[in-house]
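Here are the chains, one letter per residue:
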Amino acid sequence: MLTARQIFTRTSRGGLNRNIANGSGSVKPRTYATSPKEFKLSPTIKQLLDVGASGQAGPSSKAAEETTTTVCGWIKSIRKQKNVAFAVLTDGSEDRGLQAVLLREGAEDGILRRLTNGTAVQLRGKLVESPGKGQSHELVVDEKEAGAIVVLGECDPESYPIQKKTLTPEYLRDHTHLRARTTQIASMLRLRHTLNRRLSAWMDGEGFTSVQTPVVTGNDAEGAGEVFSVSVAGQSSPSSPSSSTTQSSEAAPPEPEEFFGRPAFLTVSHQLHLEAFATALSRVWTLSPCFRAEPSLTRRHLAEFWMLEAEWAFTHVGEGRPVDGVCNVVEAMLRGVVGPLLQVSSSSTPQEALADPDVAALWSYTTPSALTSPEQKKKEMEVLRRAFASEKWWPRLSYTQAVAILRRAARLPAEEEGEIPVEGVETPKKRVKFEFEPRWGAQLQAEHEKYLAEVVFGSPVFVCDYPRTLKPFYMKVNEGGVGERETVACFDLLVPYIGELVGGSVREERVEVLRESMVRAGLVGAEEGSDEAWQWYLDLRQYGGAPHAGFGMGFERLVAWVGGVENVRECVGMPRWAGRMLL
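On a predicted model such as this, the values are computed, not experimentally measured, just so you know.

1. Digging into the overall build of the chain
Then, in step 1: Secondary structure summary: the chain contains 16 helices and 17 strands in total.
Then, in step 2: Counting the 583 residues in the chain, one finds 47% classified as buried.
Then, in step 3: For the chain, the share of sequence-separated contacts (at least 6 apart) that also reach a separation of at least 24 residues comes to 68%.
Then, in step 4: With the model as given, the accessible surface of the chain reaches about 30,100 Å², and the carbon-plus-sulfur share is 52%.

2. Remarks on the sheet that holds strand β9 (residues 228-230)
Then, in step 1: With respect to topology, three strands assemble into an open sheet ordered β8-β10-β9, the strand pairing being antiparallel. Every other strand in the sheet has two partners, leaving β8 (216-217) and β9 as the edge strands with one partner each.
Then, in step 2: Where β8 and strand β10 (residues 264-266) come together, two bridges link them in antiparallel fashion. Along β10, the bridge assignment pairs V216 with L266.

3. A look at the environment of E556
Then, in step 1: Within the secondary structure, E556 is located in helix α16 (residues 555-563).
Then, in step 2: On the basis of relative accessibility, which here comes to 3%, the residue E556 falls in the buried class.
Then, in step 3: Along the sequence, E556 and H301 sit 255 residues apart, while their C-alpha atoms lie 9.3 Å from each other.
Then, in step 4: Polar contacts involving the side chain of E556 include one to the main-chain amide nitrogen of W306, which spans 3.0 Å.

4. Points about the pairing of strand β14 (residues 461-464)
Then, in step 1: Burial along β14 is two-sided: V461 and V463 and F462 and C464, pointing in opposite directions, are all buried.
Then, in step 2: The pairing of strand β13 (residues 396-398) with β14 spans three bridges and is parallel. Residue pairing for β14: L397 is matched across the bridge by V463.
Then, in step 3: Where β14 meets strand β15 (residues 490-495), four bridges bridge the pair, whose relative direction is antiparallel. Its bridge partner being in β15, C464 is matched across the sheet by F491.

5. A word on a nonpolar patch on the surface
Then, in step 1: On the surface, a nonpolar cluster with roughly 440 Å² of combined accessible area is contributed by V215, V216, V232, F259 and F260.
Then, in step 2: Mapped onto the elements of the fold, V215 is located in the loop between β7 (209-210) and β8.
Then, in step 3: Classification of V215 by relative accessible area gives partly exposed; the value is 31%.

6. Side note on the side chain of S187
Then, in step 1: Within the secondary structure layout, S187 lies in helix α6 (residues 183-205).
Then, in step 2: The exposure class assigned to S187 is buried, which follows from its relative accessible area of 0%.
Then, in step 3: Polar contacts involving the side chain of S187 include one to the main-chain carbonyl oxygen of T183, which spans 2.9 Å.
Then, in step 4: The contacts of S187, once residues within four sequence positions are left out, are D95, D358, A361 and L362.

7. Regarding the pattern of salt bridges
Then, in step 1: Taken as a whole, this structure holds 30 salt bridges when the rule is applied.
Then, in step 2: The salt bridge partner of R292 is E226, with a shortest N-O separation of 3.4 Å. Highlighted residues: R292 in the loop between β11 (283-291) and β12 (304-313) and E226 in the loop between β8 and β9, separated in sequence by 66 residues.
Then, in step 3: Where K450 meets E454, a salt bridge forms, and the shortest distance between an N and an O atom there is 2.9 Å. Taken as a pair, K450 and E454 lie in helix α13 (residues 446-456) at a separation of four residues, close to a single helical turn.
Then, in step 4: Exposure remark for K450: the relative accessible area of 44% places this residue in the partly exposed category.
Then, in step 5: Ionic contacts of the salt-bridge type, sharing partners, join the residues R321, D324, E331, R335, R396 and D465 into one network.

8. Things to note about α16
Then, in step 1: Of all the nine residues making up α16, nine are buried; the element is thus mostly covered by neighbouring parts of the structure.
Then, in step 2: Among the residues of α16, F555, E556, R557, L558, V559, A560, W561, V562 and G563 are the ones counted as buried.
Then, in step 3: Downstream of α16 by one or two residues, G564 has phi in the positive range, about 65°.

9. Regarding unusual backbone geometry
The general pattern is negative phi for most residues beyond glycine and trans for most peptide bonds.
Then, in step 1: A positive phi angle is found at R411, which is not glycine, with a value near 60°.
Then, in step 2: Along the chain, R411 falls in the loop between α12 (399-409) and α13.

10. Considering the environment of R407
Then, in step 1: For R407, the position within the fold is in helix α12.
Then, in step 2: Looking at R407, the relative accessible area reads 7%, which means it is buried.
Then, in step 3: Taking the C-alpha atoms as reference points, R407 and W440, 33 residues apart in sequence, are found 9.9 Å from one another.
Then, in step 4: Here R407 is in contact with L412, P413, E415, E437, P438 and R439, once residues within four sequence places are set aside.

11. Focus on the confidence of the model for the chain
Then, in step 1: In the predicted model, the chain carries a mean pLDDT of 85, and the fraction of residues at 70 or more is 83%.
Then, in step 2: Low confidence marks residues 57-66, where pLDDT is under 50. Its contacts with residues over four positions away, or in another chain, come to 22 contacts.

12. Details of the nonpolar core
Then, in step 1: Core analysis: the biggest nonpolar cluster contains 53 residues, and M333, L334, F491, F551 and L558 have the highest contact counts within it.
Then, in step 2: A per-element tally of this core places helix α8 (residues 322-338) first, with nine residues.
Then, in step 3: With residues up to four places along the chain from it excluded, the contact list for L334 reads G339, F388, W394, L493, L501, M553 and L558.
Then, in step 4: Counting residues in each nonpolar core, the second largest holds 38 residues, with L406, A453, V463 and V477 among its members.

Definitions and cut-offs
- Residues numbered from 1 in each chain as written.
- Predicted model: local features only at pLDDT ≥ 70, side-chain atom pairs only at ≥ 80, totals over all residues.
- Heavy atoms only, no water.
- Helix = DSSP H or I, 4+ residues; strand = E, 2+ residues; numbered from the N terminus.
- Buried < 20%, exposed > 50% of the residue type's maximum accessible area, 1.4 Å probe, protein only.
- Contact = heavy atoms within 4.5 Å.
- Areas by Shrake-Rupley, 256 points an atom, 1.4 Å probe, with all protein chains shown as cover.
- Pairing = 2+ DSSP bridges.
- Polar contact = N/O pair within 3.5 Å; in protein donor to acceptor, adjacent residues only side chain to side chain.
- Patch = residues over 30% accessible without salt bridge, like charges linked within 9 Å, V, L, I, M, F, W, Y side chains within 5 Å.
- Salt bridge = Lys/Arg side-chain N within 4 Å of Asp/Glu carboxyl O.
- pLDDT = per-residue confidence, 0-100.
- Core = buried A, V, L, I, M, F, W, Y, C linked by side-chain atoms within 4.5 Å.

Listed below in structure tokens is the structure:
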């Protein structure tokens, strides 16, 4: 068997050398990088354990006596006995950590007393197969050897805020700078990385180009007015980064009324800029921060959040309605990205049922203040797994059908004759009470979305063709609608226990219809020459404008759905919401 040193011997190309010569288990001796092309960082704990678990790393006792492995990280937990101590070391690369067996016989206690939770250390020992369950290997460290244990950064156990006990989300939010050291938040951050990586791979496989769009913008893409203004901080303001620099008022030039010459805002959506790129590159996407000055304090809203947005041209190609084609793209993306992270089995425990260790860790996490009981969490996990195990397309219905379903459930009279029934949907025996009456032309409330996704279908569901008056100006107006009954070719993807996850539409490519929608939205006037600020957007249609579509997906909501996290404030490293920004 190979030693840890042999496993990570550098190849001539700088990779990890896992070749076994003549089946004897011998490899080339470790060499240091002789050129930048050969340079590699030392392996993380995850890399050590993953290669060890693959069957190539199991060091024999003889090999273990000859070689040593050096590992750096933080003490996650430590248990001290008379002649031995057991410490779990983590470097954040995975959720398990590496158990270190510290042999104490004949050694002084001085160094061991300094090893407490949170302490940064460097350990040098022998990586051997572990006799215990739940871990493939462990690091055996002899304290008597010089340099076997080096404390790199001490951590006072009395004042350290991240104690070895259950910590509430509210407490951790007050210690945002330290909460990434907990299992839950670290797993969430790694899940974000995994989802980001898988989304990028899926988009690349479908021919999408990743582009970077502006964060500072001159428009409100959604038209809701919930934007943050961008302005230059006053030179004398204590909060200004440059306030410590003293300048003569005579030498300072007068500040412009607007730094950019026009009002500027933090973007609430990158869609409009993506549309410009899509007219040149056909298929584009971005995962970028967005900002919304919404005072809502619900568990689904943040003031700063991340959105995956995509736009692509030539959506008229293919069978069926273009909006169905957009739904197909979204569902295929989610199935391709999320599906492999979930292992479908008959097991009832998250650790056994979910393949990805970080997803499993998040579903296993609970606190006394949790809103969801273990039984409810088990049910939610089953719904999630079932959604990705099914080979059928997720249900799709129109907004009109959704309202009809809700009104029948509430025992309200039908609003129009000849409503199109939805196959397999039955009227409940008992009347459902809604706080807000469902009616055509009104927004679907959270309670309505919850009923449709969790009760009626028990799976993700696409609700399409909303009234024109409820949606932004850029959505394509459907044919056949008259007056207040006009609809647009759009959809919202509702998922159980989250609500709206994705919103998208076919974009309006007809210049005159688009301009009419912009007049309705108050963006331009009815008279000629009033659309100067938006002329660039109209130009996209006037100069080779092709049928195109796109969607936006809340990244934190995706993390919450996949990881079973109750609040999106625990789905981003440093959350910001109304009245709260600690760092």
